[in-house]
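Architecture and fold: a report
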Amino acid sequence: MSYLPDYPIVTPRLRLRPFTRGDVDAVHEYRCREDVALYLFDPPLSREECALAIHQRVLQTEFHQEGDKIVLAVEEVERARLVGEMSLVWRSADARQGEIGWIFHPMHQGRGYATEAARALLALGFEGAGLHRIFARCDARNTSSWRLMERLGMRREAHFREHALFKGEWDEEFIYALLHREWRTE
Amino acid sequence: MSGLKFPISTKRLALRPFDRSDVALVSRYHLLPGVQRYLARPSRYNEDVNACVDIMRNQIGLQRPGDTLTLAMQRKSDNALLGHVSLHWSDATAGQGELRFVIDPAHSGNGFLTEALSAMLDLAFDHFRIHRVFVRCDGRNHHSAKLMQKLGMRLEAHYREHALFQGEWDEEMHFAILDREWQASNKVRPMLPRDRLHERVA
Ligand SMILES: CC(C)(COP(=O)(O)OP(=O)(O)OC[C@H]1O[C@@H](n2cnc3c(N)ncnc32)[C@H](O)[C@@H]1OP(=O)(O)O)[C@@H](O)C(=O)NCCC(=O)NCCS
């Protein structure tokens, strides 16, 4: 069962749309930063690595099979500038599970943009793609990320301690989740 | 990671590797639905019990990551086979191990698993130098949850409807304990009052 969303997705202040080749510099501007990469799986990216990532993302806009990713650019409507990125991964077809993620330019954090974009992507996942449960993961020290999860009404389902090594240190991880019926009643 | 001597003796149990001749005893509980629910590889027929015992009797040590050590729980007083406990070495660099267990329902509720799993935790931390041991169990299995807390394990995860199991929504709990936490407690804890068993993930 494929799902092909209509783009762009428009919220009061933002537009979520597929990436285009012209986005490389705007993405490199925040993905090259140490502070942004601190809790991300990827280290800071070079311009070439960003170009490669964008090349892949241009096609990451639809769900056709388990494992597919939808990765979208988040644009401020008012100034038509790219402020961050959102992703939704189709983790399980039979159990209808998805994983949501977000990365924003520090210059555009603290305004509720991530919350606004995440709400739109949750709607896409639950209503559009018919997902049953959407989860998110983050490092336990990544306070702004898990506070965002709580703002979205997600529940903390896991707190793993020292279950793996991350960048040479013991990892501590949170998993938050939201069921379709919980999202509706929120 | 060898040098283990069997059986490992606890107060009432001898923990020892399986033997071909255990098949008949294992069949007495292995195919019960309540036991099957928690197995990694479910089986339905008697041939499967044969195959299962064949696998288990070769799980006698942890040489490399991915290996499992499986020991039969034999009651000393009458040599009855009560079930088994196993330790799976899931990750070498991060020193992770997973405990699994099966008990014949006819013998549950007597503290045999507490005794066997304590011995397995000693083995995991002292002998195999594992850093963290975890247990996964069905979210509705209150017996297991109680047992884990008695052993001093922390509830680390409680997933709801994260997967389907035989056509129904599944619920899963993860409990874990670190080497330093086990050294610190080392003794089986008194039981928590019932209402504290299902604490939220902290
Ligand atoms: C995680 C991340 C996306 C969160 O960004 P954020 O800007 O804090 O999140 P929001 O857009 O929801 O903004 C919330 C903040 O804006 C404030 N805000 C202002 N106007 C708001 C509005 N209209 N609505 C909601 N919040 C608003 C909130 O009070 C909150 O501020 P506070 O954190 O000081 O309390 C961001 O920190 C990030 O990109 N980090 C680096 C990459 C990363 O680690 N990603 C996650 C990996 S798991």
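Each value, and the rule that gives it
- Residues numbered from 1 in each chain as written.
- Chains lettered and ligands numbered in written order.
- Predicted model: local features only at pLDDT ≥ 70, side-chain atom pairs only at ≥ 80, totals over all residues.
- Heavy atoms only, no water.
- Near = heavy atom within 4 Å.
- Polar contact = N/O pair within 3.5 Å; in protein donor to acceptor, adjacent residues only side chain to side chain.
- Areas by Shrake-Rupley, 256 points an atom, 1.4 Å probe, with all protein chains shown as cover.
- Helix = DSSP H or I, 4+ residues; strand = E, 2+ residues; numbered from the N terminus.
- Core = buried A, V, L, I, M, F, W, Y, C linked by side-chain atoms within 4.5 Å.
- Buried < 20%, exposed > 50% of the residue type's maximum accessible area, 1.4 Å probe, protein only.
- Contact = heavy atoms within 4.5 Å.
- Salt bridge = Lys/Arg side-chain N within 4 Å of Asp/Glu carboxyl O.
- UniProt positions renumbered as here; feature names shortened; annotations may be inferred.
- Axes fitted to C-alpha atoms, helices over the stretch in contact; angles between N-to-C directions.
- Parallel < 35°, antiparallel > 145°, perpendicular 65-115°, else oblique.
- Left-handed = near helix turned anticlockwise from the far one by under 90°.
- Nonpolar A, V, L, I, M, F, W, Y, C, P; charged D, E, K, R; others polar.
- Expected span 1.5 Å × (residues − 1).
- Buried area = accessible area lost by both parts, 1.4 Å probe.
- Phe/Tyr/Trp six-rings, centres within 6.5 Å; stacked < 30°, edge-to-face > 60°.
- Lys NZ or Arg CZ within 6 Å of the ring centre and 35° of its normal.

As annotated in an unreviewed UniProt entry, chain B carries the name Protein N-acetyltransferase, RimJ/RimL family and comes from Devosia crocina.

As named in an unreviewed UniProt entry, chain A is Protein N-acetyltransferase, RimJ/RimL family, taken from Devosia crocina.

Residues and elements named next belong to chain A. Taken together, 21 residues surround the ligand, and among them F104, G110, A114, T115 and R151 come closest. R111 is positioned with one of its backbone polar atoms (N or O) 3.2 Å from a nitrogen atom of the ligand. Here the ligand, which alone exposes 950 Å², has 70% of that area covered by the protein. If you tally residues by element for the shell around the ligand, the top one is helix α5 (residues 143-151), at five residues.

This next bit is on unusual backbone geometry. All names here are of chain A. Look at the link from Y7 to P8: it is a cis peptide, with omega at -5°. Phi is positive for A80, close to 50°, though the residue is something other than glycine. Here A80 is to be found in the loop between β3 (69-76) and β4 (81-92).

All names here are of chain B. Core analysis: the largest hydrophobic core is formed by 41 residues, its most contacted members being M73, V85, L117 and V133. At the level of secondary structure, the elements contributing two or more residues to this core comprise β2 (13-16), β3 (68-75), β4 (81-91), β5 (96-103), α4 (112-127), β6 (132-138), α5 (142-150) and β8 (168-178). Ranked by the residues each element gives to this core, the list is headed by α4, at ten residues. The residues touching L117, leaving out its near neighbours within four places in the chain, are V85, L99, F101, L147, M148 and L151.

Here the focus is the pattern of salt bridges. Side-chain pairs of opposite charge can arise where the charged atoms are in close proximity. Residue and element names in this part refer to chain A. Taken as a whole, this structure holds 31 salt bridges over all chains when the rule is applied. The salt bridge involving D139 is made with R141; its shortest N-O contact spans 3.0 Å. Taking the relative accessible area as the measure of exposure, D139 reaches 6% and is therefore buried. Under the relative-accessibility criterion, R141 is labelled partly exposed at 47%. A single network of salt bridges, built from pairs that share partners, joins R15, R17, D23 and E75.

On the UniProt side, "domain: N-acetyltransferase" (unreviewed entry) is annotated at positions that read residues 14-181 of chain A here. Helix makes up 30% of residues 14-181 of chain A and strand 38%. Its end C-alpha atoms lie 26 Å apart.

Turning our attention to the packing of helix α1 (residues 23-30) of chain B against helix α3 (residues 46-56) of chain B. Residues and elements named next belong to chain B. For the pair α1 and α3, the least separation of the axes is 10 Å and the interaxial angle reads 120°. In this view, α1 runs oblique relative to α3, as classed from their interaxial angle. Crossing of α1 over α3 shows right-handed handedness. Residues V23, V26, S27 and H30 of α1 form the contact with α3, whose participating residues are N46, V49, N50, C52 and V53. Here the contact of α1 with α3 is composed, by residue class, of five nonpolar, four polar and no charged.

Before going further, it helps to examine α5 of chain B. All names here are of chain B. Inspection of α5 places S144, A145, L147, M148 and Q149 among the buried residues, and these make up the whole buried set. Elements in contact with the buried residues of α5: β5, α4, β6 and β8. At the N-terminal boundary of α5, the capping side chain belongs to N141, with an oxygen 3.2 Å from the backbone nitrogen of H143. Within two residues after α5, G152 carries a phi angle of roughly 85°, on the positive side.

In this section: helix α4 (residues 113-128) of chain A. All names here are of chain A. Here α4 contains 16 residues, and its C-alpha end-to-end distance of 21 Å stays within 8% of the 22 Å for a straight helix at 1.5 Å per residue. Taken across its 16 residues, α4 has twelve buried, putting it largely inside the fold. Those residues of α4 not exposed but buried are Y113, A114, T115, E116, A117, A118, A120, L121, L122, L124, G125 and F126. G130 sits one or two residues past α4 and shows a positive phi near 70°.

Attention shifts here to the interface of chain A and chain B. Contacts between the two partners involve 21 residues from chain A and, on the opposite side, 22 residues from chain B. Together, the buried faces of chain A and chain B total about 1,800 Å²; carbon and sulfur atoms form 49% of this surface. Area buried by chain A at its contact with chain B is led by E157, R161 and E162 of chain A, which between them contribute 28% of it. For E162 of chain A, the salt bridge goes to R180 of chain B, with nearest N and O atoms at 2.7 Å. Here chain A is connected to chain B by twelve residue pairs in polar contact (both at pLDDT 80 or more). Looking at the side of chain A that touches chain B, the elements with two or more residues in it are β7 (155-166) and β8 (169-179) of chain A. No other element matches β7 of chain A, which puts eleven residues into the side of chain A that touches chain B.

Here we come to the packing of aromatic side chains. Between two aromatic rings, the relevant description is the distance of the centres plus the angle of the planes. Residues and elements named next belong to chain A. The full count for this structure, using the stated rule, is four aromatic pairs over all chains. With a centroid separation of 5.8 Å and an interplanar angle of 90°, the aromatic rings of W146 and F174 are classed as edge-to-face. Highlighted residues: W146 in helix α5 and F174 in strand β8, separated in sequence by 28 residues. Among the residues examined, W146 registers a relative accessible area of 19% and is labelled buried. On the basis of relative accessibility, which here comes to 5%, the residue F174 falls in the buried class. Each residue in the set W146, F174 and Y176 is aromatic and connected to the rest through ring pairs, giving one cluster. Over the aromatic face of F19 sits the side chain of R57, whose NZ or CZ is 4.7 Å from the ring centroid. Positioned above the aromatic ring of W146, the side-chain terminus of R156 is 5.3 Å from the ring centre.

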